[in-house]
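Chain and residue survey
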Amino acid sequence: MVLNKKIPTKIGVLTSGGDAPGMNAAIRAVVRTGIYHGVQMAGIIRGFTGILENDIVDMDNRSVANIIQRGGTILKSARCKDFYTKEGRAQAIKNLQQHGIEALVVIGGDGSIRGAMHLGNEFNFPCVAIPGTIDKDLAGTDFTIGFDTAVNTAVSCIDKIRDTMEAHDRLFIVEVMGRHAGYIALNSGIATGAEYILVPEAHTSMKRIATSLNEKTKRKKLVNLVVVAEGYGENGAVGFVEELKKYLPNVDARISILGHIQRGGAPTCMDRLIASRMGYHAIECLLEGKQQVMIGIKNNAICYTPFEDALAVQQITHDAWLKIIKILAS
Ligand code: ADP
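On a predicted model such as this, the values are computed, not experimentally measured, just so you know.

One way to put it is that helix α3 (residues 86-98) packs onto helix α4 (residues 110-123) with a least axis distance of 11 Å and a crossing angle of 80 degrees. Considering the angle they form, α3 stands roughly perpendicular to α4. Here Lys86, Arg89, Ala90 and Ile93 of α3 come into contact with α4, specifically with His118, Leu119, Glu122 and Phe123. A breakdown of the residues in the contact of α3 with α4 according to their chemical character gives four nonpolar, one polar and three charged.

Structure, rendered in structure tokens:
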């Protein structure tokens, strides 16, 4: 862990990349903990873009009032191309220095943490990150902000779809978010009693699914739910049905793509809690002189993971989970 001898007197906070419910609760915790410690707090609008465009505002306790329950992010989020270049990042450092900002709290996913890591490695600029992503695709933490809300939204939507599935004895294919990680699919699929769950990280034999569906039809098990992560195969749920039709040409499958609905809405109690804890500890961490780490929660304890380790690929324990699904959906 990198140690910073100079304790920052002004800290900037930003949200970057894909937004996630609970980011507001994290901003609130960061700002209020900073103010509590007598640190000046600055909000950067639209992530790294806001640094380059000098879109930076002073924040106090009132700026973050009445936001803990709101989805989205009051600081707005964006994707910033210039940050992929060293010149862009050098300009960002200049702008931060002009504003007197001596450290940064970055709330975002793996891309945003990569951006923060470069600022630290190239310019020794103190950064800490808070994992804000519905995908939960970071090592070094059991939770990421937004995952619990997204998965609960998916579960509530799939429950509704199940009612109509039951009424018509239908095969339904529901696509949930997760371009590279199958956590939302795996969790929402198990919680809704899905027969099959398809994730980007694992290959599933289409022939085996087709055979098994056929066998279930013979047993008069006509209601079948397949939960597919958007990043599965070539084209998520649509690609899955195209493939399935090669084996079962007459299959009558309905597709429902849940999409961005999973990003919105009020954060769950769990997301508000972890966001509040992580936001508080992000400031404590910087004031302890620690930097270049992601704040995480493991086994219910706060931990600091170096950026490089947090970005290491995290594998799902597929085999154990898939066995449970197979037994419970028979
Ligand atoms: P997320 O943080 O949700 O994973 P992105 O991957 O889009 O979202 O990353 C958000 C922003 O972080 C990007 O628009 C870019 O400004 C910055 N970023 C992402 N990857 C890098 C990288 N390798 N180097 C520098 N900046 C990066």
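After that view of the structure, there is still more to cover.
Turning to the packing of aromatic side chains, a few remarks are in order. Any aromatic ring pair is given by two values, namely how distant the centres are and how the planes are angled relative to each other. Per the counting criterion, the structure on display carries one aromatic pair. Measuring from ring centre to ring centre gives 3.9 Å for Phe48 and Phe83, while their planes differ by 10 degrees; the resulting arrangement is stacked. Highlighted residues: Phe48 in helix α2 (residues 47-52) and Phe83 in the loop between β4 (56-59) and α3, separated in sequence by 35 residues. One cation-aromatic arrangement involves Lys136 over Phe147; the distance from NZ or CZ to the ring centre is 5.4 Å. The cationic tip of Lys136 hangs over the ring face of Tyr183; the distance from NZ or CZ to the ring centre is 4.5 Å.

With phi around 60 degrees, Asn66 is a residue other than glycine that occupies positive phi space. One can find Asn66 in the loop between β4 and α3. Residue Asn66 is classed as exposed on the basis of its relative accessible area, which comes to 58%. For Lys76, which is not glycine, the phi torsion reads 60 degrees and is therefore positive.

Let us look at the domain arrangement of the protein. Splitting the protein by domain gives domain 1 (2-146 + 267-310) and domain 2 (147-263). Each side of the interface is counted separately: domain 1 has 15 residues, and domain 2 has twelve residues. Here domain 1 and domain 2 share an interface that buries about 1100 Å² over both sides, 56% of which is from carbon and sulfur atoms. Counting across the domain 1 and domain 2 interface gives zero salt bridges. Remark: the boundary between domain 1 and domain 2 carries nine residue pairs in polar contact (both at pLDDT 80 or more). Split into classes, the residues belonging to the side of domain 1 that touches domain 2 amount to five nonpolar, five polar and five charged.

Further remarks concern the sheet that holds strand β12 (residues 293-298). Taking strand neighbours across the sheet as the criterion, the seven strands line up as β4-β3-β2-β5-β6-β12-β13 in an open arrangement whose pairing is mixed. The open sheet is flanked by β4 and β13 (301-306), the only strands paired with a single partner. Put simply, the sheet's adjacent strands are angled 30 degrees from each other on average, direction ignored. Here four bridges tie strand β3 (residues 40-44) to β4, and the two strands are oriented antiparallel to one another. Note on β4: the bridge partner recorded for Ala42 is Asp58. Strand contacts of helix α9 (residues 269-287): β2 (10-16), β3, β5 (103-108), β6 (127-131), β12 and β13, with the helix running at about 135 degrees to β12, the strand carrying the most contacts.

This part is about the pattern of salt bridges. Applying the stated rule across the entire model yields eight salt bridges. In this structure, Asp58 engages Lys10 in a salt bridge whose closest nitrogen and oxygen atoms are separated by 3.8 Å. With Asp58 in strand β4 and Lys10 in strand β2, this pair connects stretches of sequence that are 48 residues apart. Of the residues examined, Asp58 reaches a relative accessible area of 59% and is grouped as exposed.

Right, let's talk about the site of the ligand for a bit. Around the ligand, the surrounding shell holds 16 residues, and the nearest of these are Arg79, Cys80, Asp110, Gly111 and Ser112. Gly111 has a polar backbone atom sitting 3.0 Å from an oxygen atom of the ligand. Ser112 places a side-chain nitrogen or oxygen 2.5 Å from an oxygen atom of the ligand. Against a free-state accessible area of 550 Å², the protein chains account for coverage of 85% of the ligand. Of the residues belonging to the shell around the ligand, the class tally is four nonpolar, eight polar and four charged.

The rules behind the values
- Residues numbered from 1 in each chain as written.
- Predicted model: local features only at pLDDT ≥ 70, side-chain atom pairs only at ≥ 80, totals over all residues.
- Heavy atoms only, no water.
- Axes fitted to C-alpha atoms, helices over the stretch in contact; angles between N-to-C directions.
- Helix = DSSP H or I, 4+ residues; strand = E, 2+ residues; numbered from the N terminus.
- Parallel < 35°, antiparallel > 145°, perpendicular 65-115°, else oblique.
- Contact = heavy atoms within 4.5 Å.
- Nonpolar A, V, L, I, M, F, W, Y, C, P; charged D, E, K, R; others polar.
- Phe/Tyr/Trp six-rings, centres within 6.5 Å; stacked < 30°, edge-to-face > 60°.
- Lys NZ or Arg CZ within 6 Å of the ring centre and 35° of its normal.
- Buried < 20%, exposed > 50% of the residue type's maximum accessible area, 1.4 Å probe, protein only.
- Domains from an automatic or database assignment.
- Buried area = accessible area lost by both parts, 1.4 Å probe.
- Salt bridge = Lys/Arg side-chain N within 4 Å of Asp/Glu carboxyl O.
- Polar contact = N/O pair within 3.5 Å; in protein donor to acceptor, adjacent residues only side chain to side chain.
- Pairing = 2+ DSSP bridges.
- Near = heavy atom within 4 Å.
- Areas by Shrake-Rupley, 256 points an atom, 1.4 Å probe, with all protein chains shown as cover.

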